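Structure at a glance
The lines below spell out each chain.
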Amino acid sequence: MKLLDELEKRFEIPNDRQLASKLGLSTPVISRIRTGKSGVSAEVMIRIHEVLGLPIAEIKELSA
């Protein structure tokens with residue numbers, strides 16, 4: 001998924017497990033987003049914004 005790939009690249013996070021840890025989310029949440037089984041919820045968007053400082057509008061654009 002474009003959003004997760006961009007977050008890992010931009011913030012030099014090597015894998016989904018470490019991304020989940022940095023965001024305070026479970027690895028299965030990231031996995032479901034990655035595989036398209038789940039969308040990026042408002043809660044996850046806010047978490048990304050709070051932890052990594054990305055604007056919500058950019059998060060939405062990358063998740064589309």
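Take the overall build of the protein next. Scanning the protein from N- to C-terminus turns up 5 helices and 0 strands. When the helices and strands of the protein are listed from N to C terminus, the series reads α-α-α-α-α. For a compact globule of 64 residues, the expected C-alpha radius of gyration is about 11 Å, and the protein comes in at 10 Å, within 12% of that figure. Summarising its shape, the C-alpha atoms of the protein cover approximately 25 × 25 × 20 Å along the three principal directions. By the burial criterion, 33% of the 64 residues in the protein qualify as buried. If you take every contact in the protein between residues at least 6 apart in sequence, the share linking residues at least 24 apart comes to 46%. On the protein, roughly 3900 Å² of surface is accessible, and the fraction owed to carbon and sulfur atoms is 50%. The average position of the 10 basic charges and that of the 9 acidic charges among the side chains of the protein differ by 4 Å.

Turning our eyes to something else, we now look at the side chain of Glu8. As for its placement among the helices and strands, Glu8 is situated in helix α1 (residues 2-10). Excluding residues that lie within four positions of it along the chain, Glu8 makes contacts with Ile13, Asn15, Asp16, Leu19 and Arg34.

By secondary structure assignment, the location of Leu3 is in helix α1. Separated by 61 residues in the primary sequence, Leu3 and Ala64 have C-alpha atoms spaced 8.5 Å apart. Ignoring anything within four residues of it in the chain, the contact list for Leu3 reads Val40, Ile48, Ile59, Leu62 and Ser63.

Where helix α4 (residues 42-52) contacts helix α5 (residues 56-63), the two axes come as close as 9 Å, and the packing angle between them is 125°. Considered as vectors, α4 and α5 are oriented oblique to each other. At the point where α4 passes α5, the crossing takes the right-handed sense. Residue-level inspection shows Met45, Ile46, Ile48 and His49 of α4 in contact with α5, the latter providing Ile56, Ile59, Lys60 and Ser63.

Cut-off values and rules
Residues numbered from 1 in each chain as written. Predicted model: local features only at pLDDT ≥ 70, side-chain atom pairs only at ≥ 80, totals over all residues. Heavy atoms only, no water. Helix = DSSP H or I, 4+ residues; strand = E, 2+ residues; numbered from the N terminus. Rg over C-alpha atoms; globule rule 2.2 N^0.38 Å. Buried < 20%, exposed > 50% of the residue type's maximum accessible area, 1.4 Å probe, protein only. Contact = heavy atoms within 4.5 Å. Areas by Shrake-Rupley, 256 points an atom, 1.4 Å probe, with all protein chains shown as cover. Lys, Arg positive; Asp, Glu negative; His and termini not counted. Charge placed at Lys NZ, Arg CZ, Asp CG, Glu CD. Axes fitted to C-alpha atoms, helices over the stretch in contact; angles between N-to-C directions. Parallel < 35°, antiparallel > 145°, perpendicular 65-115°, else oblique. Left-handed = near helix turned anticlockwise from the far one by under 90°.

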